[in-house]
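Single-letter residue listing:
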Amino acid sequence: MKILVTVKRVPDPETNIKVKPDGSGIVTDNIKWVINPFDEIAIEEALRIKEKNAGSEVALVSIGAKVVQEQLRTGLAMGADRAILVLTDDALEPLAVARVLAKIVETEKPDLIVMGKQAIDDDSNAAGQMLAELLGWPQATFASKVELAGDQKSMTVVREVDGGLETIATPLPAIVTADLRLNEPRYASLPGIMKARKKEMKEIAIGDLDVDVAPKAQIVKMDPPPKRQAGKRVESVQQLVDLLHTEAKVI
Amino acid sequence: MGDVLVFAEHQHGKFPKTTLVAFTAGKDAAAKFGGACHAVVVGSGVDALASEAAAYGMKTVFQVDNPRLEHYLADAYTAALAEVVKAKGIETVLATATATGKDLMPRLAARLGAGLAADITEIHADGTVTRPMYAGNVFATIKLVGSPRVITVRATAFDAAQKGGAAGAVEKVAVALDEGKLTMKFVGLEEMKSDRPVLTEARIVVSGGRGLKNGENFKTVLEPLVDELGAAMGASRAAVDAGFVPNDLQVGQTGKVVAPELYIAVGLSGAIQHLAGMKDSKVIVAINKDEEAPIFQVSDYALVADLFKAVPEMKEAVHKLKG
């Protein structure tokens, strides 16, 4: 079976993000860029499915500038077979991302698309759901367990929902978005890194796809969050409980 | 023009607090965008819920009642909602960013070709909205272009609506569902049973981190304090990652966002991702043996101590206080 996995280049989650003084964006100096952590989980899940189903292929797709090759190479080093990079210098909103991906799906015709549930930069948690709708496919978001049927025509997915775990069943092709507990992503091995250099990386200019990527949700400006003042140090548990009772009046 | 439609999510025949928050945000949006606030109740056998929604000051409650809609499924609910939006000339569709809201609203936005602003914290009179990005390190002002448009709101950013005022009208809306295109099937729901308050609704939340060392300590050390306070229990992503507790307890950027009156962080360092989910709490207490832990930078009361001593002591002190 053919599995398509989406990859986004994002700042390392440990990065302390600062807003530019003019509010036009974030300060990108000295940022370490990585694969969106949820996309790593998505790649891992695709690789596990491939390992269980002989003859399968895992293709990665990303949208961004030429530098995104770095993250795609990392994904290839984890074990994906090839990569597609849609080149653009613009930051696209989820709907535009979904429209671009829908075009890629037209030619790639995957049986399954695995995505991260959320990119940790934009935090929208939307592209997977949008792509599912544009394709008219079922969606299994926030997945913590994916089980394909033996005939590879359908799947059962356990989803992390408020207050519990929901199980749904869908036919394929379908979209899965990965939640935290789906798996523990592997590290790229040294032989994997060597092999990755020779794997196919296809580049497509976004203009060639003829997709409407005009913003529908424009970012007017960015501001830093309101600062919270550090409070007082207490010396004992008793003092803490007394203050919570008499000063903060919360217990 | 400017009409707002609130998706009134329900569970077990009731509206959770998160839905009451959506009513408030919907009315706020309608007032600022110059329209009326309606709600839509989707499900099977939802007469009582539709009447109840009307009591929260919704102008019209559209009741989409269909056996096929008994269980929430993204494809069928998207189809149903899109029909209501188009038929009723809705400009803004709004839901709370719950698991369902996050699953459904982007799909609906794609169906409508609409702009989406997810997890917003504020609605402005000029029609813009504010939403956090980068784990709450950035607050972006977003202008949604065109109509309709879709918004999900952060549950902690608006108050729960109260019943009152003139009750609105309930209008049943029949939707045509194309069975051939609806392929998702509900199999089951395994609910986490707990006698404790719901994490996102609790007045007090006590969260544990990796400092608890294992799942057993969550039970034997943290839970007695949680229950003494009548609190909900939360956890850091690190504690969930390590398998100490289930994921639905996760507070943070990719888990739940909470803003209780009192948040007690125990043995958790306060990674950016965790702070994103709790720093709007009214009073924050941190208990950590590492005085350099970033959690102390946002806490109102900081106790540098060994949690294995401090937590049982605190439980006793609270017990005495209650007399």
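Described in the following lines is the structure provided in the data block. (Residues numbered from 1 in each chain as written. Chains lettered and ligands numbered in written order. Predicted model: local features only at pLDDT ≥ 70, side-chain atom pairs only at ≥ 80, totals over all residues.)

When its secondary structure is counted, chain A shows six helices and 13 strands. Summarising its shape, the C-alpha atoms of chain A cover approximately 65 × 45 × 40 Å along the three principal directions. Restricting the contact set of chain A to residue pairs at least 6 apart, pairs at least 24 apart contribute 69%. (Helix = DSSP H or I, 4+ residues; strand = E, 2+ residues; numbered from the N terminus. Contact = placed C-beta atoms within 7 Å.)

As a further point, take the overall build of chain B. Tallying secondary structure elements over chain B gives eight helices and 16 strands in all. What you see for chain B is a C-alpha radius of gyration of 21 Å, in line with the 20 Å of a compact globule of 323 residues. Seen along its three principal axes, the alpha-carbon backbone of chain B occupies a region of about 60 × 40 × 40 Å. Residues classed as buried in chain B amount to 59% of the 323 residues present. Here the analysis covers contacts within chain B between residues at least 6 apart in sequence; of these, 65% occur between residues at least 24 apart. (Rg over C-alpha atoms; globule rule 2.2 N^0.38 Å. Buried ≥ 20, exposed ≤ 12 C-beta atoms within 10 Å, placed from the backbone.)

This brings us to the sheet that holds strand β7 (residues 129-133) of chain B. Spatial strand order, β12(A)-β8(B)-β7(B)-β6(B): four strands in an open sheet with antiparallel pairing. Whereas interior strands pair on both sides, the edge strands pair on one side only; in this sheet they are β12 (217-223) of chain A together with β6 (122-123) of chain B. (Pairing = 2+ DSSP bridges.)

Let's shift gears to the environment of Met222 of chain A. For Met222 of chain A, the position within the fold is in strand β12. Expressed as a C-alpha distance, the spacing of Met222 of chain A and Gly23 of chain A, which sit 199 residues apart in the sequence, is 4.6 Å. Not counting chain neighbours up to four residues away, the residues in contact with Met222 of chain A comprise Val19, Gly23 and Gly25 of chain A together with Val138 and Ala140 of chain B.

Between helix α6 (residues 237-246) of chain A and helix α8 (residues 307-322) of chain B, the least distance of the axes is 9 Å, while the angle of their chain directions is 45°. When the interaxial angle is binned, α6 of chain A and α8 of chain B end up oblique. Our pair here, α6 of chain A against α8 of chain B, has a crossing hand that is right-handed. Contacts between α6 of chain A and α8 of chain B involve Val237, Gln238, Leu240, Val241 and His245 of chain A on the former and, on the latter, Ala310, Glu313, Met314, Ala317, Val318 and Leu321 of chain B. Class assignment for the residues of the contact of α6 of chain A with α8 of chain B results in eight nonpolar, two polar and one charged. (Axes fitted to C-alpha atoms, helices over the stretch in contact; angles between N-to-C directions. Parallel < 35°, antiparallel > 145°, perpendicular 65-115°, else oblique. Left-handed = near helix turned anticlockwise from the far one by under 90°. Nonpolar A, V, L, I, M, F, W, Y, C, P; charged D, E, K, R; others polar.)

Moving on, we get to the nonpolar core. If you look at the biggest cluster of nonpolar residues, it comprises 202 residues, and the most contacted ones within it are Val5 of chain A together with Val6, Val40, Leu94 and Val206 of chain B. Take this core: its biggest share by element is eight residues, from helix α3 (residues 74-87) of chain B. Residue contacts for Leu94 of chain B: discarding those within four places in its chain leaves Val4, Leu5, Val6, Ala22, Ala25, Gly26, Ala29, Ile151 and Val153 of chain B. (Core = buried A, V, L, I, M, F, W, Y, C linked by C-beta atoms within 7 Å.)

Turning to the environment of Glu108 of chain A, a few remarks are in order. Residue and element names in this part refer to chain A. Assignment of secondary structure puts Glu108 in helix α3 (residues 94-108). In this structure, the C-alpha to C-alpha distance between Glu108 and Leu4, residues 104 residues apart in sequence, is 8.2 Å. If near-sequence neighbours (up to four positions away) are discounted, Glu108 is found in contact with Leu4 and Ala59.

Now for α8 of chain B. Taking 1.5 Å per residue, 16 residues should reach 22 Å; α8 of chain B reaches 22 Å between its end C-alpha atoms and fits that length. In this fold, the buried residues of α8 of chain B make contact with α6 of chain A together with α5 (215-228), β14 (262-266), β15 (283-288) and β16 (301-304) of chain B. Gly323 of chain B lies just past α8 of chain B and shows a positive phi near 65°. (Expected span 1.5 Å × (residues − 1).)

Between chain A and chain B, the contact holds 68 residues from the first and 71 residues from the second. Secondary structure elements with two or more residues in the side of chain A that touches chain B: α3, α4 (127-135), β7 (139-148), β8 (154-161), β9 (164-171), β12, β13 (232-234) and α6 of chain A. It is β9 of chain A that contributes the most residues to the side of chain A that touches chain B, eight residues altogether.

Before going further, it helps to examine the sheet that holds strand β1 (residues 4-7) of chain B. Residues and elements named next belong to chain B. Strands sit in the order β5-β9-β4-β1-β2-β3-β10 across an open sheet of seven strands; the sheet is parallel. Each end of this open sheet is capped by a strand with a single partner; those strands are β5 (115-120) and β10 (169-172). Each neighbouring strand pair of the sheet contributes to a mean axis angle of 25°, computed without reference to strand direction. Strand direction decides the pairing type here: strand β2 (residues 37-43) and strand β3 (residues 60-65), joined by five bridges, are parallel. Residue Val42 lies in a different strand from β3, and its bridge partner there is Val64. Across the sheet, helix α4 (residues 99-112) lies against β1, β4 (92-96), β5 and β9 (149-153), angled at about 170° from β9, the strand it touches most.

Attention shifts here to the pairing of β8 of chain A. All names here are of chain A. Within β8, six of the eight residues are buried, which leaves it mostly tucked inside the rest of the structure. Pairing analysis gives five bridges linking β7 to β8, with the strands arranged antiparallel. If you follow Glu147 over to β8, its bridge partner there is Thr156. Linking β7 back to β8 in an antiparallel pair, the connection comprises five residues, with Gln152 at a positive phi of about 60°. One ladder, built from eight bridges, connects β8 with β9; its direction is antiparallel. In the strand pairing of β9, Met155 is matched with Thr170. Joining the antiparallel neighbours β8 and β9 is a turn of two residues, in which Gly163 adopts a positive phi near 80°.

This part takes up α3 of chain A. Relative to the 21 Å expected for 15 residues at 1.5 Å per residue, α3 of chain A spans 20 Å between its end C-alpha atoms, a close match to the ideal helical length. Buried residues belonging to α3 of chain A abut β1 (2-7), β4 (57-64), β5 (82-87) and α4 of chain A together with α4 and β5 of chain B. Taken from the residues just after α3 of chain A, Lys109 of chain A is the one with a positive phi, measuring 50°.

Another aspect to go through is the environment of Thr98 of chain B. Examined against the element boundaries, Thr98 of chain B turns out to sit in the loop between β4 and α4. Considered as a pair, Thr98 of chain B and Val153 of chain B are 55 residues apart in the sequence and their alpha carbons are 8.9 Å apart. Among residues more than four places away in sequence, those in contact with Thr98 of chain B are Asp162 of chain A together with Glu9 and Thr18 of chain B.

That is the geometry; function is a separate question.
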